[in-house]
Amino acid sequence: MSDSDPALLSLRGIDKSFPGVKALQDVALRLRAGEVHALMGENGAGKSTLIKVLTGLYPRDAGSMRLAGQEISPASPRQAEALGISTVYQEVNLIPALSVAENICLGREPVKWGCIQWHQVRQRAVKALQRLGLQLDVTARLDTLPLALQQMVAIARALEIDAKVLVLDEPTSSLDEGEVEALFSLLRRLRGEGLGILLVTHFLDQVYAISDRITVLRNGRLVGEFLTAELPRLKLIGQMLGREPDAGQAAAAPSTDLTQVSRPVILETKAAGFRGGIQQLDLSLRAGQITGLAGLLGSGRTETARMLFGIDPATTGSIEIDGVAVPLDSPKAAIARGLAFCSEDRKREGIIPHLSVRENLILAMQAGRGPWKKAPLAQQTELAQRYIATLGIKTPSPETPIRNLSGGNQQKVLLARWLVMQPRLLILDEPTRGIDVGARAEIDRLIAQLSADGMAVLLISSELEEIVANSQSVTVLRDRRAVGHLQGSTISVAEIMKWIAHSGEEAA
Amino acid sequence: MKTDSAWKAISTWFGGGSIIWTLLGLALLLLVDAVWVKDFFTLEWRDGHLYGTPVDILHQGSKVMLLALGMTLVIATGGVDLSVGSLMAVAGAIAAWALTAGGMSAASALPLALLVTTLIGSLSGLLVAVLGVQPIVATLVVMVAGRGIAMLVTGGQILTLQDPTLRFIGGGYFLGLPFTVTLVVALLALTLFLTRRTAFGLFIEATGDNETASRFCGVPVRLVKVLVYAFSGFCAALAGIVATGNIHAADSARVGEMMELDAIFAVVVGGTALTGGRFHLLGSLLGALLIQTLTTTMYNLGVPPTVAPVPKAVVIVLVCLLQSPVFQARLRTWKKAKTPEVTA
């Protein structure tokens, strides 16, 4: 496979805008026959938009697409399939209640006299699976198969048409290690058959295990195309995050307080984890200390928060509070133990949109008191007014529905909701996402103040600067495992990036 | 300024701005009645009782009003209760059975009917909250099963009975008005107390508005759901006892038939969104009143009962459209599009 090979699929100058957002700007992609090509980028880089343009879900605003030298413009996934571009999406999008054969031939069943030729359906399914080296009972219901096999069936379906390009969007996110290996040996085989495979994944190890080339996107723009073998991990992460790893920008990390180590541990996880989320996590959260949780998208940051807060309870290991193992199996249990959690998804997991600022602010407190001991309205209003004043929440009145507030002010109300509870551990997942610069600084200052008052804070952020600027201790996650712990003056953006890139290996 | 805030308080109490349309619809209907129906507003005081068509509307509408109060809370959590019509039959059947074959007094028969029906109602809640069954499916199951249970209790017969307490509940007078009016007011007071004096109202609205966020705040979402369906069952039991008292018989096959739909209409017309969230108890009562007024009006105008559902549907669609923010926005743009033509 040399560079002189004509590209199987070539995208040039692709632009795509949504109202208010330029999702893709002048993006190019060259996929050669017989290669596995990884498409990498952080949240909002434009990976999924590019795939949707490629598969005809979105029309492109500008640019050209060529497949085997022919100009193409698929207007729907069906047309893209007809051209030979097949896609397997992140969630297995097959129909669980239908048989394997029906799923493989769905929408393209052989028909004669208006009747489906079931015999042919089964034959074609068997043939499609044989190509992948699989022998399955094609009349079995899909949902009786393990997830990994369902994934294979999805690939068999994608290849059942005469596909030249196979697009896999996060195919491994719900698979365990053995299943991933099985999938990869299949991909190698298909690569040998001359297929062009475009792979979107967040797992660095997997990118280096399988891909030949990497295209990196950032903020809707092309960063570059690289040969995997010639791109060190650290460099790749630098490209994805948009900064030089060796710039030595040790941002002003708060000086290590010597007494910090002696501060009491509030919560400690011991090899805690749950399938599909985080594995073997050891984490100590101390009173009066901000612990940063850093890692790329999909590394298990949010999953850790959800596990601690009892949303996805730990199935392995244990979680101790004040040295005693406790079952954190629901948010209610976690709140009762003094935990609080501000979700990154304000809209879906935070605000109660039509209720007032006051009601949103006192909801957790009232839930803690139970339904019978209703806080008197005067007390509620007093609390709301106090927090509106101290946090500088801009709202016409405490009775304004929270959905009428700006993102930053909504976030402050959600923070206030937990501050009312005086929690011992506050978990903040992306507390400043989608918030303007002024409010951002205020929220950072508030977090520092809370920590100084003795609260333990777990700060999750995709922005390394935010982690570095605020944390006294940092745990780095990679591929759903904790790979490094940094303390005090060793905390810097460069150091965190090294750990994200090289787990356990010598940091270069 | 002062009247402004007072008006605001009243309108939020009744369900925000949308309730104006319900009131308008009611006013329009009453206007039709005043013009075309002879002696519609004539009230008569006889033997310490008040008689007249408006009183009759209150009395006839009481069953849907009772149902609507429970239905409001269920809908506020984002659910719906289709079983209330059947549960009315269950309550009637149990009460009639206990009073006749069971040989019980009304003082024990009626509480028994209330208790059993409430328990059956909470079964929907368990299906929804614990097993995660869709509310429509769960309550449809209980609706079908409930009708069966009622038939089983009465042996498929219409049980006639002559109990003075039941007769009083269904047709007696209290303070010059039908007793059913007192019953509605009492249940309204109880519901207001349970939802606004405790935090249940807040929990119900939070659950319906954003269930995930509520759970993450520690709101006992499951308990809230079980309780609203149980309460809806309780309301249905009261309505069932009233219905049985109305006709001095437990007619398991017919009592409460299609009444769940009237109750849902009343809630929706009263300004509580089917998607859940904020609820308006007084709005629901007003909605029930609108539906009953409509039924009575059509009866008075001589519309045959067999075709009466058609105009009823039209009125309900109109009220719902007028309440819809989307439709209101469209109306405004139509107006805007028209204005330049007029000036030009």
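Computed from a predicted model, the values in this text were never measured in an experiment.

(A) Here's a closer look at the overall build of chain B. Of the regular secondary structure elements, chain B holds 15 helices and six strands. Along the longest, intermediate and shortest principal axes, the C-alpha atoms of chain B span 80 × 60 × 40 Å. Counting contacts in chain B only where the partners sit at least 6 residues apart, residues at least 24 apart contribute 76% of the total. For chain B, the accessible area works out to roughly 15900 Å², and carbon and sulfur atoms hold 71% of it. The positive charge centre, built from 20 side chains, and the negative charge centre, built from 16, are 9 Å apart in chain B.

(B) Structural view of the environment of alanine 80 of chain A. All names here are of chain A. Relative to the assigned elements, alanine 80 resides in helix H2 (residues 77-83). By relative accessible area, which is 0% here, alanine 80 ends up buried. Along the sequence, alanine 80 and leucine 54 sit 26 residues apart, while their C-alpha atoms lie 7.8 Å from each other. Setting aside anything within four residues of it in sequence, one finds alanine 80 in contact with Leu54, Thr55, Pro74 and Ile85.

(C) Inspection of the confidence of the model for chain A at higher detail. Predicted confidence across chain A gives a mean pLDDT of 84, with 91% of residues reaching 70 or more. Note that pLDDT drops below 50 for residues 504-508 of chain A; the model gives that stretch three contacts with residues more than four away or on any other chain.

(D) Spotlight on unusual backbone geometry. Positive phi is not limited to glycine here, since glutamine 422 of chain A has a value of about 45°. With respect to the helices and strands, glutamine 422 of chain A occurs in the loop between helix H14 (407-419) and strand E19 (425-429). Non-glycine residue leucine 175 of chain B carries a positive phi angle of around 55°. Position of leucine 175 of chain B among the secondary structure elements: in the loop between strand E4 (173-174) and strand E5 (177-178). On the basis of relative accessibility, which here comes to 72%, the residue leucine 175 of chain B falls in the exposed class.

(E) Structural view of the packing of helix H3 (residues 53-76) of chain B against helix H11 (residues 221-247) of chain B. Residue and element names in this part refer to chain B. Relative to each other, H3 and H11 sit at 170°, their axes nearing to 7 Å. Regarding the angle of H3 to H11, the classification is roughly antiparallel. Between H3, through His59, Ser62, Lys63, Leu66, Leu67, Gly70, Met71, Leu73 and Val74, and H11, the contact on the second element is made entirely by Val228, Tyr229, Phe231, Ser232, Cys235, Ala236, Leu238, Ala239, Val242, Ala243 and Asn246. Classifying every residue of the contact of H3 with H11 gives 14 nonpolar, five polar and one charged.

(F) Quick look at the interface of chain B and chain A. Listed by partner, the interface residues are 22 residues for chain B and 28 residues for chain A. At the boundary of chain B with chain A, total buried surface from both sides reaches about 2100 Å², with 69% on carbon and sulfur atoms. Taken together, the links from chain B to chain A amount to one salt bridge. A salt bridge links glutamate 359 of chain A to arginine 278 of chain B, with the shortest nitrogen-to-oxygen separation between them at 2.6 Å.

(G) Structural detail: the sheet that holds strand E14 (residues 278-286) of chain A. Strand order in the open sheet formed by four strands is E14-E13-E16-E17 (chain A), with antiparallel pairing between adjacent strands. Strands with a single pairing partner mark the edges of an open sheet, and in this sheet they are E14 and strand E17 (324-325) of chain A.

(H) Quick look at a nonpolar patch on the surface. Residues and elements named next belong to chain B. Side chains of Leu28, Leu31, Val35, Trp36 and Leu301 sit close together on the surface and give an oily, nonpolar patch of about 590 Å² of accessible area. Structurally, valine 35 can be placed in helix H2 (residues 19-36). Given the relative accessible area of 58%, valine 35 is considered exposed.

(I) Region of interest: helix H17 (residues 493-501) of chain A. Of the residues making up H17 of chain A, those classed as buried are Val493, Ala494, Ile496, Met497, Ile500 and Ala501 of chain A. Around the axis of H17 of chain A, the buried residues are gathered within 160° of arc, so they sit on the same side.

Conventions and cut-offs
- Residues numbered from 1 in each chain as written.
- Chains lettered and ligands numbered in written order.
- Predicted model: local features only at pLDDT ≥ 70, side-chain atom pairs only at ≥ 80, totals over all residues.
- Heavy atoms only, no water.
- Helix = DSSP H or I, 4+ residues; strand = E, 2+ residues; numbered from the N terminus.
- Contact = heavy atoms within 4.5 Å.
- Areas by Shrake-Rupley, 256 points an atom, 1.4 Å probe, with all protein chains shown as cover.
- Lys, Arg positive; Asp, Glu negative; His and termini not counted.
- Charge placed at Lys NZ, Arg CZ, Asp CG, Glu CD.
- Buried < 20%, exposed > 50% of the residue type's maximum accessible area, 1.4 Å probe, protein only.
- pLDDT = per-residue confidence, 0-100.
- Axes fitted to C-alpha atoms, helices over the stretch in contact; angles between N-to-C directions.
- Parallel < 35°, antiparallel > 145°, perpendicular 65-115°, else oblique.
- Nonpolar A, V, L, I, M, F, W, Y, C, P; charged D, E, K, R; others polar.
- Buried area = accessible area lost by both parts, 1.4 Å probe.
- Salt bridge = Lys/Arg side-chain N within 4 Å of Asp/Glu carboxyl O.
- Pairing = 2+ DSSP bridges.
- Patch = residues over 30% accessible without salt bridge, like charges linked within 9 Å, V, L, I, M, F, W, Y side chains within 5 Å.
- Arc of directions from axis to C-beta.

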